[in-house]
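Now for the letters of each chain:
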Amino acid sequence: YKSVLGNNPSGNERKEALDALEEIYVNDLNRAGEYVDLAVSLGGVKLENLYRDSLIYTAAYLTYEKDSLEMAVEQFDAYLDSFPTGYFAVEAHFYRGLSNLEIKEYKNAYEDFAYVVDLGPGEFFVESCFNAALISFNYTKQFRKALSHYSALEEVLDNDVKKYDAQLGALR
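Not measured: the values here are computed from a predicted model.

Student: Would you take a moment to explain the packing of aromatic side chains for this structure?
Tutor: When we look at a pair of aromatic rings, we describe it by the centre distance and by the angle of the planes. Taken as a whole and judged by the stated rule, the model has 14 aromatic pairs. Between Tyr95 and Phe124, the ring centres sit 5.9 Å apart and the planes meet at 75°, which makes this aromatic pair edge-to-face. Here Tyr95 is found in helix α6 (residues 89–102), whereas its partner Phe124 is found in the loop between α7 (106–118) and α8 (125–138), with 29 residues between them in sequence. Taken as a pair, Tyr95 and Phe124 share a single burial class, namely buried. Among the aromatic side chains, those forming a connected cluster through ring pairs are Tyr57, Tyr61, Tyr64, Phe76, Tyr79, Phe83, Phe88, Phe94, Tyr95, Phe113 and Phe124.

Here it is in structure tokens:
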């Protein structure tokens, strides 16, 4: 496909080659950044920031989904380095936090969950708050932070059983 792009292709040939390379680089190789560079240099296309943002995040998320957690952390790092306030910054922090939690990088996981919690209620708030409290209590032994997170969790929960669990965590 690279040779097609290097041989003055027609518009359709260029699109087909770029689509095939995107499939290979993003879905198979998990190297979205290299695809972006290749598409710009060989494909002669200008990629808009939204597309670049989405492409790099998607590659990181697909790596996370494949349980390649160390690699996912590296790719979420690359995404957040390029797009610190990008369209998927909250998701990237959340999934990088989950990845770090699984590989027992508790300090890094806590930082990502705290970032999400500090943004306030949203799609990932409850789970981030719970994980931040859990890490604070069980791993870093920062009991005041654990209490703060359990208290914030209690305020947003509407399920009595889960609210009781948050209260119990705060009392420990």
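Student: Sorry if this is basic, but what is going on with the packing of α6 against α7 here?
Tutor: Pairs of packed helices are described in terms of their axes, by the angle between the two and the distance that separates them. It is at 8 Å that the axes of α6 and α7 come closest, and there the two elements cross at 150°. Accordingly, the angle class assigned to the pair α6 and α7 is roughly antiparallel. You can see that α6 and α7 cross each other, and the crossing is left-handed. Contacts between α6 and α7 involve Ala89, Val90, His93, Phe94, Arg96, Gly97, Leu98, Asn100 and Leu101 from the former and Tyr106, Asn108, Ala109, Asp112, Phe113, Tyr115 and Val116 from the latter. Across the contact of α6 with α7, the residue classes tally to 10 nonpolar, four polar and two charged.

Student: Could you clarify how one ought to interpret the packing of α8 against helix α9 (residues 143–156) in this entry?
Tutor: For the pair α8 and α9, interaxial distance at closest approach is 8 Å and the crossing angle is 155°. Comparing the axis directions of α8 and α9 gives the class roughly antiparallel. Crossing handedness for the pair α8 and α9: left-handed. Facing α8, whose interface residues are Phe125, Val126, Cys129, Phe130, Ala132, Ala133, Leu134, Ser136 and Phe137, α9 presents Phe143, Lys145, Ala146, His149, Tyr150, Ala152, Leu153 and Val156. For the contact of α8 with α9, a count of residues per class yields 14 nonpolar, two polar and one charged.

Student: Teacher, can you tell me more about the nonpolar core here?
Tutor: The tendency in soluble globular proteins is for nonpolar side chains to be buried side by side. Counting residues in hydrophobic clusters, the biggest one holds 36 residues, and the most contacted among them are Phe76, Tyr95 and Phe113. Mapped by element, the contributors of at least two residues to this core are α2 (11–28), α3 (32–41), α4 (49–65), α5 (69–82), α6, α7 and α8. By size, the runner-up hydrophobic cluster in this structure holds eight residues, among which are Val117, Cys129, Ala133 and Ala146.

Parameters and conventions
- Residues numbered from 1 in each chain as written.
- Predicted model: local features only at pLDDT ≥ 70, side-chain atom pairs only at ≥ 80, totals over all residues.
- Heavy atoms only, no water.
- Phe/Tyr/Trp six-rings, centres within 6.5 Å; stacked < 30°, edge-to-face > 60°.
- Helix = DSSP H or I, 4+ residues; strand = E, 2+ residues; numbered from the N terminus.
- Buried < 20%, exposed > 50% of the residue type's maximum accessible area, 1.4 Å probe, protein only.
- Axes fitted to C-alpha atoms, helices over the stretch in contact; angles between N-to-C directions.
- Parallel < 35°, antiparallel > 145°, perpendicular 65-115°, else oblique.
- Left-handed = near helix turned anticlockwise from the far one by under 90°.
- Contact = heavy atoms within 4.5 Å.
- Nonpolar A, V, L, I, M, F, W, Y, C, P; charged D, E, K, R; others polar.
- Core = buried A, V, L, I, M, F, W, Y, C linked by side-chain atoms within 4.5 Å.

Function cannot be inferred from these measures alone, as they are strictly geometric.
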